[in-house]
Amino acid sequence: MRDVVVIGAGPAGLAAAVTAATAGLDVALVDAGRRPGGQYYRHHAAETGALHHGWDAFVRLRDALDRLTYLPGHRVWNVEDGFTVHALAGDRDERPVRIDARTVIVATGAHDRSLPFPGWDLPGVLTAGGAQALLKGDRVTAGERVVVAGTGPFLLPVATGLAGAGATVAGVFEGNRPYGFARRVAGHADKLREAVGYAALLVRYRIPYRTGHAVVAAHGDGRVEAVTVARLDRDGASVRERVIVCDTVAVGYGFTPQLEIPVQLGCATRMDADGSLVVVADAAQRTSVPGVYAAGETTGVGGAQLSLVEGELAGLAAAEALGGIAADPAGVRRLVARRRRLRAFAEAMHRAYPVHPGWMDRLRDDTIVCRCEEVTRGRIAEAAGLGATDPRSAKLLSRAGMGWCQGRVCGYATSWLAASACGRSPGPDDLLGTARRPIAQPVRLRDLADDAPVRPHEVAQDPPVRPRDGAGGRPVRPRDGTLRAGPEGAVRPRDGNHPINPA
Amino acid sequence: MVVVGGGVVGAACAYYAARAGLTVTVIERGAVAGGTTGAGEGNLLVSDKEPGPELELALFSSARWTELAAEDGLGAAFEYETKGGLVVAETEEGAAGLEELAVRQRAAGVDAVAVPASGLPGYEPHLAPDLAGGMFYPQDAQVQPMLAAAHLLRASKAEVRTGVTVTGMLRSGDRVTGVRTDRGDLPAGAVVNAAGTWGGEVAALAGVTVPILPRRGFILVTEPLPSLIRHKVYAAEYVADVASDDEGLESSAVVEGTPSGTILIGASRERVGFDRTLSLPALRRLARQAIRLFPALADVAAIRAYCGFRPYCPDHLPVIGPDPRAEGLLHACGHEGAGIGLAAATGHLLAQSLTGARPDLDLGPFRPDRFPEQP
Amino acid sequence: MSQIVFEGRPVPFEPGQSIGAALTAAGIRSWRTTRFGGRPRGLFCGIGVCFDCLITVNGRPSLRACMVEARPGDVVQGGGPDA
């Protein structure tokens, strides 16, 4: 029985795990990825950090992984109350693994929020995050001539990253006109620096940046060959269209938090300012279920800096709850203040980059909504006609969201289509109806049938994160469990050598 | 007439009543087919029933489903498949038991074809090679239960009001004259309680007791596959499980393919109230039993699991017909795990009793007042 | 440079790359078709969420190409409906 299992090794999970381990807790960090960092710090095996903001903070966390048991390549498919984490280890010859722990910290992050449009299932249409993952994780540019579209500041690093790697970016088409948001950015020194940097790169790579525009259709025979881009009026309707030749489209409309595990555990959820379902967390990142904490995008999409802060707070709270180890009050106050600032910034961002419901009017009857089961917009309308008054019944009557991805990709779109057929917009109950996935990852029946307790084996890791004692993944207890002794300051943010928040 | 409950039983009641000339309104607390119907496999089984009133009802229902499926577009709309059921036995004793049951079932009108061990691959090429034998039931069929409920409701032309909760009964003396809902009163000549697992609560609003309790079941859904399993296949122990009074976890895998390519592995049974928490022990048993029948499933992934709550009565028979304790109230609930299969007969018989016709089957065994009054 | 074999043809990869990334880098944008409409599918989400990129590696079906790291000599097949 471990003290803590942290699920997810992105910014929030890394910060939580390192903080809890530094406090002397026995921590396992379980992650589906092959390397630590999640989506934000996704990197190639021989990464130098050139593509990343805040790379130093990541390196400090990565170098602290020898204080805990880090289990990459572990996909969690279920967490039983109490807690038992069930995972599948290995990317091809998977084997079942279970880890018992007194506390669970959920830091499972988010994935791109996708909206359907005619032709969006042609090969060559990727999510913005997918194009970014290829670039950062595999050093592969998704295509030669790329259109970037959707909404949100995330489109900028995607476009400039692709251009920097040699692709021609035919344009960035931002659905909103977020002029008021610029003032907000100007008030944040580091955000302003980032924004200025991207603006300079757009100029340098001659990337057209158009607000109030959307990709409304993709065209091609067997792969994308062109897109139709439209200027949108204030109601989100197309007013002028043109065709742009491209071989790749990277499109994203914000992010959807991955809530399988907290929903399995019965954690209370709510709808955030961006229309996503998120976990309710209190000041100490505690969810409504005792012993379960949540940090990062699962509590509301807000970016890597906020995730680092929430992760650290979750780690500190777990240390206090499990070991009676009190954190430095001044440090906690600073973290809490920083969380408030960053959360307010995230809310302003969500309000500046909403998803306008006009996307629904741009679908045709034969436009695929659910890619897995190939359910069209017309079939969802039929389900509504048969009495589907919520997304769950729309799914049962149309099969939208019943396939391989279990509605991760189409859940948002189906919720909106089902609710708007009844003349309303979706509420938290609608979103929850599409978010329940008691089996969070496909699991072979042989592995399901086998309930022998398998402990995590030693897992091959990249050299930088191999436990220095080489002791087969056993945690290295760094010190005698007194939090105040931590020299790197995970619990003493004042010393300026902090692994998480260098500022 | 007002039907309380928009599951498959309520939909069938609405359909047959409307066809008999009644004006029907269906009240549903959630969404159409959102309760136990939406958590079912869509079994229309005669094979799992011992001779007796339930088997008679199942055979009668099987014939009604065949008629419904033949109506304009309905069969295709709700994916009616006369795929047949194959019950297999692991041991010689099990096979002998199957034959003994089949003899009695045949006397009651069931088609049952004995399949020796050597004949099993002809029915199901991927079955485990070491099974002792089986019995094939050509009358076993399948529908997609949510679509069945939705299309029967549509065909009934009944007014369907979803998201409306019944909060009480309108009374005139002892007579039930309609329902009170959170959206206003609805007077009616008759009220049909088709609230399934929640039928006891609706009955209580009329001051009568119908002892219906939930019996939880989990279903595992696999990744979509090219056609691997042709029939509804289950182990002989399933029949014993259905009739069991044991409160603990029981299961015997019912394995079948669906038109969408997924394979459904069903039929755990637990009496744990309305607890929706995933039970890994239940899923593990289903997985083990499915692999026992079809070894090739070991390498197939489960991508989904869901649970539902079967409405069961102490004697495992449904409650169908007018309630002599509350004139104007009729019941059509408590079908346990057989509600999809028995829905057509239930709707048909209830419509006959509503219109004063003599029901084609004796409703005596399903009387609502057959249970001893609780103290 | 190391290679995998995709439907009989060698495809190079850099150490640490996923099979999906190696195929994409080689200009292969789709490797299976859907089971109803026969529509081509390749990478979409790139992070293991969408299951569009399912692929068979050394006889093991239903793997996500974006999640499996390429190893020298891997025999990779896309093909059939929801392979």
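The coordinates are above.
The shown structure was predicted, so the numbers you read here are calculated from the model rather than taken from an experiment.

Draft legend 1. How the structure looks around the overall build of chain A. Helix and strand content of chain A: 14 helices and 22 strands. Here chain A holds 503 residues, and the buried ones make up 64% of them. Long-range contacts, defined as pairs at least 24 residues apart, comprise 65% of the intrachain contacts of chain A with a sequence gap of at least 6. Entry remark: accessible area of chain A is about 17900 Å², with carbon and sulfur atoms responsible for 50%.

Draft legend 2. Up close: the interface of chain A and chain C. Counting from both sides, the interface comprises 43 residues of chain A and, opposite them, 43 residues of chain C. Between chain A and chain C, a total of about 3600 Å² is buried, with carbon and sulfur atoms accounting for 50% of that surface. The largest share of the area that chain A buries against chain C comes from R92(A), E374(A) and W404(A), three residues that together contribute 22% of it. Linking chain A with chain C are seven salt bridges. Taking the shortest distance from any N to any O, the salt bridge between R92(A) and D74(C) comes out at 2.8 Å.

Draft legend 3. The environment of E174(A), seen in detail. All names here are of chain A. Tracing the chain through its elements places E174 in strand β10 (residues 168-174). Separated by 217 residues in sequence, E174 and P391 place their C-alpha atoms 28 Å apart. Contact partners of E174, with chain neighbours within four places excluded, come to G150, T151, G152, L155, Y209, R210, T211, G212, H213 and Y353. Polar side-chain contacts of E174 include one of 2.4 Å to the side chain of T151. One polar contact links the side chain of E174 to the main-chain amide nitrogen of N176, over a distance of 2.9 Å.

Draft legend 4. Spotlight on the side chain of R60(C). In this fold, R60(C) is placed in strand β6 (residues 60-64). Once residues lying within four places of it in the same chain are set aside, the contact partners of R60(C) are R92(A), E94(A), R444(A) and I55(C).

Draft legend 5. Up close: helix α6 (residues 145-156) of chain B. Residue and element names in this part refer to chain B. Across its 12 residues, α6 extends 16 Å between first and last C-alpha, which sits within 8% of the 16 Å expected from 1.5 Å per residue. Burial analysis of α6 places 10 of its 12 residues in the buried class, the great majority of the element. Those residues of α6 that fall on the buried side of the exposure criterion are P145, M146, L147, A148, A149, A150, H151, L152, L153 and S156. Of the residues flanking the end of α6, it is K157, one or two places downstream, whose phi is positive at about 60°.

About the cut-offs
Here the residue index of a chain counts from 1 through its sequence in written order. Chains and ligands are labelled sequentially in the order written, the chains with letters from A and the ligands with numbers from 1. Predicted model: local features are reported for residues with pLDDT of at least 70 only, side-chain atom pairs are reported and counted for 80 or more only, and whole-chain, interface and lining totals are derived from all residues. Note that the side-chain values use all heavy atoms of the structure and ignore hydrogens as well as water. Helix numbering and strand numbering both begin at the N terminus, where a helix is a DSSP run of H or I of at least 4 residues and a strand a DSSP run of E of at least 2. Summary of the burial criterion: residues with accessible area below 20% of their type's maximum are buried, those above 50% are exposed, and those between are partly exposed, where the area comes from a 1.4 Å probe applied to protein chains only. Contacts are residue-level and defined by heavy atoms, with any inter-residue pair within 4.5 Å sufficient. Accessibility throughout is a Shrake-Rupley quantity obtained with a 1.4 Å probe, and a residue counts as covered only by protein chains that appear here. When two parts are put together, the accessible area they lose, computed with a 1.4 Å probe and summed over both, is reported as buried area. The salt bridge criterion pairs a side-chain nitrogen of Lys or Arg with a carboxyl oxygen of Asp or Glu, the two atoms within 4 Å. Each polar contact in these results corresponds to two N or O atoms within 3.5 Å; when the atoms are within protein, one needs to be able to donate a hydrogen and the other to accept it, and residues that are neighboring in sequence are counted only if both atoms are side-chain atoms. Each residue after the first adds 1.5 Å to the expected span of a helix.

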